[in-house]
Amino acid sequence: MTPPSEVDTASQADVNNDIEPAVQEQDSYLNELPDEVEMSLFEHLEELRQRIFYALIAVVVGVIGCFIAVKPIVRLLEVPAQGVKFLQLAPGEYFFVSIKVAGYSGLLVASPFILYQIVQFILPGLTRRERRLIAPIVLGSTVLFGAGLAFAYLVLIPAALNFFISYGADVVEQLWSIDRYFEFVLLFMFSIGLAFQIPIIQALLGILGIVSSAKMLSGWRFVLLGAVVLGAVLTPSTDPITQSLLAGAVLALYFGGIGIVKVLGK
């Protein structure tokens, strides 16, 4: 009579033998290129040219549309500077400011279509496993960029402007150049939007196996120093309040990215 331990061992071996081919078959399926098409270098370049052309058309349409409706956008961006009077210090200054505002706004409006063109270009070279990551990455990047714009508009810009308005308010009257103001606001908002992409970069590094969550956590001292430097570089103003708020946001995003990499099992 066969001992129970030997029977259990044999049964477990049979189960493992059944599972391993299934796992290998699934891995093989996920690593396939479902839309693999043989294309020459010139065909790739031609497709890239078409994608860039379509993206540029979307940007032009977006810029034209935003230029037509530029006055409401300008009024919206002037809201954080309550109590300040804007001046046109040179002929045509407001016109060029309108073009600048329409350019940034049009690029923002056209960004979903630009992302679509990028995804369509790289999609044929991605495996099924990699395609599963496209939607979460694109969605997460879009949400974080929008959150960065909102954070800059609702928190950082008002804090910086309140500091400048209150400082010396009893000495000088607040009359600002509209061109310098919008250069400050637009560059600030887009810089913060890009800074909010930190968790996406961390997730990609973790998925690719370049850096683990433990390694990211062990370097928190360098990240703290980098957040302070980044706050000083990205902040157009020199007030400590805005720099501290931005540095704190960068640290929160970094540790949030560590949590995402940990959840992904990397």
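Residues numbered from 1 in each chain as written. Predicted model: local features only at pLDDT ≥ 70, side-chain atom pairs only at ≥ 80, totals over all residues. Heavy atoms only, no water.

On to the UniProt feature "transmembrane region" (unreviewed entry) in the protein chain, then. The feature "transmembrane region" (unreviewed entry), as given by UniProt, occupies residues 52-74, 94-116, 137-165, 185-208, 220-238 and 244-264 in the numbering adopted here. Measuring from the first to the last C-alpha atom of residues 137-165 gives 40 Å, for a span that is 100% helix and 0% strand. This span, residues 185-208, is 88% helix and 0% strand, and a straight line between its end C-alpha atoms measures 36 Å. (UniProt positions renumbered as here; feature names shortened; annotations may be inferred. Helix = DSSP H or I, 4+ residues; strand = E, 2+ residues; numbered from the N terminus.)

This part is about helix H4 (residues 93-122). Because an α-helix packs 3.6 residues into every turn, residues spaced three or four apart end up facing the same way. With 30 residues, H4 ought to run about 44 Å at 1.5 Å a step, and its terminal C-alpha atoms sit 42 Å apart, in line with that. Largest kink in H4: about 50 degrees, centred on Ser-111, with the proline Pro-112 one to four residues after it. If you check which residues of H4 are buried, you get Glu-93, Val-97, Ser-98, Val-101, Ala-102, Ser-105, Gly-106, Ala-110, Gln-117 and Val-119. As for H4, its buried residues are in contact with helix H2 (41-68), helix H3 (70-78), strand E1 (85-87), helix H5 (128-166), strand E2 (175-177) and helix H6 (178-195). (Expected span 1.5 Å × (residues − 1). Bend = angle between axes of the 7 residues up to and from the residue. Buried < 20%, exposed > 50% of the residue type's maximum accessible area, 1.4 Å probe, protein only. Contact = heavy atoms within 4.5 Å.)

Let us look at the packing of aromatic side chains. Counting across every chain of the model gives 13 aromatic pairs. With a centroid separation of 6.2 Å and an interplanar angle of 85 degrees, the aromatic rings of Phe-67 and Phe-95 are classed as edge-to-face. In this pair, Phe-67 sits in helix H2 while Phe-95 sits in helix H4, placing the two residues 28 residues apart along the sequence. Ring centres of Phe-184 and Phe-188 lie 5.8 Å apart, and the angle between their planes is 55 degrees; on these two criteria the pair is classed as tilted. Separated by four residues within a single helix, Phe-184 and Phe-188 lie in helix H6, roughly one turn from each other. On the accessibility criterion, Phe-184 (14% relative accessible area) is buried. (Phe/Tyr/Trp six-rings, centres within 6.5 Å; stacked < 30°, edge-to-face > 60°.)

Following the criterion strictly, the structure yields three salt bridges and no others. In this structure, Arg-51 and Glu-47 form a salt bridge, with 3.7 Å as the shortest nitrogen-oxygen distance. Of the two residues, Arg-51 and Glu-47 are both situated in helix H2; the distance of four residues between them amounts to about one turn of the helix. Note on accessibility: Arg-51 and Glu-47 belong to one class, buried. The shortest N-O distance in the salt bridge between Asp-179 and Lys-100 comes to 3.3 Å. (Salt bridge = Lys/Arg side-chain N within 4 Å of Asp/Glu carboxyl O.)

Looking now at the layout of surface pockets. Taken as a whole, the largest pocket holds about 380 Å³ of empty space. As for the largest pocket, its lining consists of 14 residues, and the residues nearest its centre are Leu-108, Ser-111, Leu-115, Ser-141 and Phe-145. Those elements that provide at least two residues to the lining of the largest pocket are H4, H5 and H6. In the lining of the largest pocket, the residues fall into nine nonpolar, five polar and no charged. (1 Å grid on protein atoms, 1.4 Å probe; cavity = no way out; pocket = protein on both sides within 12 Å on 5 of 7 lines; lining within 4 Å. Points joined across faces, edges and corners; volume = space filled by probe spheres on them. Nonpolar A, V, L, I, M, F, W, Y, C, P; charged D, E, K, R; others polar.)

One finds Leu-77, Val-101, Trp-176, Tyr-181, Phe-182 and Met-189 to be the most contacted residues of the largest nonpolar core, which totals 44 residues. Going through the elements one at a time, H3, H4, H5, H6, helix H7 (198-207), helix H9 (220-234) and helix H10 (240-263) are the ones with two or more residues in this core. (Core = buried A, V, L, I, M, F, W, Y, C linked by side-chain atoms within 4.5 Å.)

Attention shifts here to the side chain of Ser-177. Summarising the element assignment, Ser-177 is placed in strand E2. For Ser-177, a relative accessible area of 13% puts it in the buried group. Of note is the side chain of Ser-177, whose polar atom sits 2.7 Å from the side chain of Glu-93. What Ser-177 contacts, discounting residues up to four positions off in sequence, is Leu-87, Leu-89 and Glu-93. (Polar contact = N/O pair within 3.5 Å; in protein donor to acceptor, adjacent residues only side chain to side chain.)

On to the environment of Leu-144, then. Looking at the secondary structure, you find Leu-144 in helix H5. In this structure, the C-alpha to C-alpha distance between Leu-144 and Ile-192, residues 48 residues apart in sequence, is 10.0 Å. Excluding residues that lie within four positions of it along the chain, Leu-144 makes contacts with Phe-196, Gln-197, Pro-199, Ile-200 and Leu-253.

Moving on to the confidence of the model for the protein chain. Taken residue by residue, the protein chain gives an average pLDDT of 80. The fraction at 70 or more is 82%. Looking at the elements of the protein chain, mean pLDDT is at its lowest for helix H1 (residues 4-30), recorded as 54, and at its highest for H3, recorded as 92. (pLDDT = per-residue confidence, 0-100.)

Okay, the packing of H3 against H6 next. Where H3 contacts H6, the axes come no closer than 11 Å and their chain directions differ by 80 degrees. One way to sum up the angle between H3 and H6 is to call them roughly perpendicular. Contacts between H3 and H6 involve Val-74, Leu-77 and Glu-78 from the former and Ile-178, Tyr-181, Phe-182, Val-185, Leu-186 and Met-189 from the latter. Split into classes, the residues belonging to the contact of H3 with H6 amount to eight nonpolar, no polar and one charged. (Axes fitted to C-alpha atoms, helices over the stretch in contact; angles between N-to-C directions. Parallel < 35°, antiparallel > 145°, perpendicular 65-115°, else oblique.)

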